[in-house]
Structures are given as structure tokens and as C-alpha cells.
Amino acid sequence: MSEPVFVAFATQKGGAGKSTLTALTASYLHYLEGVDVMVIDCDDRQHSFKDYRDNDFLVTRENPYLKKAVMNFYRNFNKKAYEIILSNPEDAVSVANERIEEGATPKVVFFDITGTVNDLSIVKLLSKMDYLFVPITTDTADMKSSIRFASHVVNNMLTTGKSKIKAVKLVWNRIPSKAKTRLCEYIDGYVEELGLQSLDTVLSNSNRFFKDGATTGRTGLFRSTMMPPDKRLLKGSNLPELVAEIRQIIDV
């Protein structure tokens, strides 16, 4: 078996959608495209991914509609839900490698990382990723922070050869439309001068990205660590296009 690819959605600032994008991409790959994944939740300040999985267990246990949907899905899926392992930044890569040595066979390992470049342990962890995807929004503060972060990684890790990183890509997230706005295109031109590039696919500012179930009702899941996105919600989301573009970059 070839070595798994280490991937992280990372920014310097919280609130840009790192954990949500990680969950959506990991679940789409694992449950819809058959790519085995593993997630290392190394944001030891809050462990958002553990909260996602805990919520998934809660809603699928308490909501009869979702409980039936999960049972039907796993009857045909013939695999388990992907593994989520808690860690701290210092030990995250060692934890992933130890689990692989024990027999886990992921093709992609996603690392859910807290946002900062002022912590040496975070910097060291980022340097051990194969690919970094940096969420960027049209909010002025978020945009500046994401560009600054991506530029720092490129200039101090990627181009210097002091890391494993093969590519850093910006990901437009929470955009008012399904296509890049004029502002996005303008910023794309600006960041290219900094040696940065964004993905072609954008994710709109849609409530569907936060649909993680409820204990009552017949609303399908979109963001789930145990299920693929509901087909009705998947339509028009640009998530399939995003995952296809990411797969092409990371070559899985």
C-alpha cells in the first residue's frame, strides 16, 4: 500500500469553515467515492470533530427518520464510518502513523487544525502536510488573514523546501453565489502576484452546509461524519465539483 496523503484545511483565523470543509470533503470521499479516509482531530482547544461525531450519534439515535436512513445506508455500504482520532498538534502525525502501523489503511488523512501560525507546534504540524487548502471568504478581515496565512506558508515552508508541502490552494467559501464574484476574481488576480492560486470551485453561503440533523423531523443530513450528504441537498451545492478538483490535486 502506498503512503496516505496528509491534507489539512487550515487558516490563521477561526470561523472560515475549516472543520466544516474537512467534514464535507472527508465524508464525500469516504461514503460516496469509496476513498478510505481518517481524521485526526488535533484542535485540542475544542475538538470540533468530536462534537460533530457526538451530534451525529445523538440525532441518528433520537430521530426515527435518520435512524432508519443510517441503517439502510450501512446495510449496503459494507464499511465502517471513518475513524476520528483525538490528538494534540505535537503528537498528531505520530498518532496517525501509529494507527496506520496497527492496520488502518486510509488513502487520505485529514488533520483538523486550530488556526494560528504563532504556535511552534502548529507550524511543525503544518510543515508535515502534503497539501494545504486555505478557506477564504469575502469578509475583509477573514480575507486578509487567509491571504497572509497562505503567503506565509508558501514563502516560509513551500518554496524554501523546509516542509513536505507540495501545494497550497485557497478555497473560496461562503460566497454569495455559486460562481466567483467580481471581488473573488479581483482577489484571484492579486494573490497570483503573491504566488498563490485559488480553486476554480467555490462554495456558496448556503444554510445547507450547516444541516447536521435534528432529533425530530424528516430533514436530511448534509454535514455528517457518519453519512454521505443527502442527495436532495447535494444538488447545486458545488461540493462534488470541489471534491473532484481536490482529488485531482492530491492525486487519489
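To be clear, the structure that these remarks concern was listed above.
Attention here is on the structure that accompanies the text.

This brings us to the overall build of the chain. Secondary structure summary: the chain contains nine helices and seven strands in total. Relative to the globule expectation of 18 Å for 252 residues, the C-alpha radius of gyration of the chain, 18 Å, shows essentially globular dimensions. C-alpha extents for the chain along the principal axes are approximately 50 × 45 × 30 Å. Relative to its 252 residues, the chain shows a buried fraction of 54%. A sequence separation of at least 24 residues applies to 77% of the contacts in the chain between residues at least 6 apart. Of the accessible surface of the chain, which amounts to about 12000 Å², a share of 47% is contributed by carbon and sulfur atoms. Of the side-chain charges in the chain, 33 are positive and 31 negative, and the distance between the mean point of each set is 6 Å.

The next subject is the packing of aromatic side chains. Summed over the entire model, instances satisfying the criterion amount to ten aromatic pairs. Ring centres of Phe209 and Phe222 lie 5.4 Å apart, and the angle between their planes is 80°; this geometry places the pair in the edge-to-face category. A residue pair is termed long-range when its members are at least 10 positions apart, and Phe209 in the loop between β7 (197-198) and α8 (231-234) and Phe222 in the loop between β7 and α8 qualify at 13 residues. Phe222 carries the same exposure label as Phe209, and that label is buried. Pairwise contacts between aromatic rings join Tyr31, Phe73, Tyr74, Phe77 and Tyr82 into one cluster. Lying across the ring of Tyr82, Arg53 places its NZ or CZ 5.4 Å from the centre. The ring of Phe6 has Lys164 sitting right over it, with the charged end atom 4.8 Å from the ring centre.

This part covers the layout of surface pockets. One water molecule sets the probe size; rolling that probe over the atoms shows where empty space is left. A volume near 270 Å³ is recorded for the largest pocket. What lines the largest pocket is a set of 13 residues, and nearest its centre among them are Met227, Pro228, Pro229, Asp230 and Lys231. If you list the elements that add at least two residues to the lining of the largest pocket, you get α3 (64-77) and α8. In terms of residue count, the dominant contributor to the lining of the largest pocket is α3 (four residues). In terms of residue class, the lining of the largest pocket is made up of nine nonpolar, one polar and three charged.

This part is about empty space enclosed by the protein. Using the criterion set out here, one finds one cavity of 30 Å³ or more in the structure. Considered as a void within the structure, the largest cavity measures approximately 70 Å³ in volume. Along its surface, the largest cavity is lined by Gly17, Thr20, Leu21, Leu24, Asn173, Arg174, Leu203, Ser204, Asn205, Ser206, Phe209 and Phe210. Counted by class, the lining of the largest cavity contains five nonpolar, six polar and one charged residues.

Extensive coverage of strand β2 (residues 37-41) is indicated by the burial of five of its five residues. Neither face of β2 is open: one carries Val37, Val39 and Asp41, the other Met38 and Ile40, and all of them are buried. Where β2 and strand β4 (residues 108-112) come together, five bridges link them in parallel fashion. Following the sheet pairing, Met38 is matched in β4 by Val109.

All right, on to the packing of helix α2 (residues 48-62) against α3 then. The relative placement of two packed helices comes down to the angle between their axes together with the axis-to-axis distance. Where α2 meets α3, the axes come as close as 5 Å, and the angle between the chain directions of the two elements is 105°. On the basis of their axis angle, the class for α2 and α3 is roughly perpendicular. Packed against α2, whose contacting residues are Val59, Thr60, Arg61 and Glu62, the element α3 presents Pro64, Leu66, Lys67 and Val70 at the interface. Within the contact of α2 with α3, the residues separate by chemical class into four nonpolar, one polar and three charged.

Pairing is parallel in the open sheet, where seven strands are placed in the order β3-β2-β4-β1-β5-β6-β7. Looking along the sheet, the strands with just one partner apiece sit at the ends: β3 (83-86) and β7. Taken together, the six bridges between strand β5 (residues 131-136) and strand β6 (residues 167-172) define a ladder with parallel strand orientation. Residue pairing across strands places Ile136 opposite Trp172, the latter belonging to β6. Together, β1 (5-9), β2, β4 and β5 form the strand contacts of helix α1 (residues 18-32), whose direction differs from that of β4 by roughly 160°. Contacts between helix α7 (residues 182-192) and the sheet are confined to β5, β6 and β7, with β6 contributing the most and set at about 165° to the helix.

Turning our attention to the side chain of Thr60. The residue Thr60 is located in helix α2 in this model. By relative accessible area, Thr60 is classed as buried at 9%. Looking at Thr60, its side chain comes within polar contact range of the main-chain oxygen of Asp56, at 2.6 Å. Among residues more than four places away in sequence, those in contact with Thr60 are Leu66, Lys67, Val70 and Met226.

Reading guide: rules and limits
Residues numbered from 1 in each chain as written. Predicted model: local features only at pLDDT ≥ 70, side-chain atom pairs only at ≥ 80, totals over all residues. Heavy atoms only, no water. Helix = DSSP H or I, 4+ residues; strand = E, 2+ residues; numbered from the N terminus. Rg over C-alpha atoms; globule rule 2.2 N^0.38 Å. Buried < 20%, exposed > 50% of the residue type's maximum accessible area, 1.4 Å probe, protein only. Contact = heavy atoms within 4.5 Å. Areas by Shrake-Rupley, 256 points an atom, 1.4 Å probe, with all protein chains shown as cover. Lys, Arg positive; Asp, Glu negative; His and termini not counted. Charge placed at Lys NZ, Arg CZ, Asp CG, Glu CD. Phe/Tyr/Trp six-rings, centres within 6.5 Å; stacked < 30°, edge-to-face > 60°. Lys NZ or Arg CZ within 6 Å of the ring centre and 35° of its normal. 1 Å grid on protein atoms, 1.4 Å probe; cavity = no way out; pocket = protein on both sides within 12 Å on 5 of 7 lines; lining within 4 Å. Points joined across faces, edges and corners; volume = space filled by probe spheres on them. Nonpolar A, V, L, I, M, F, W, Y, C, P; charged D, E, K, R; others polar. Pairing = 2+ DSSP bridges. Axes fitted to C-alpha atoms, helices over the stretch in contact; angles between N-to-C directions. Parallel < 35°, antiparallel > 145°, perpendicular 65-115°, else oblique. Polar contact = N/O pair within 3.5 Å; in protein donor to acceptor, adjacent residues only side chain to side chain.

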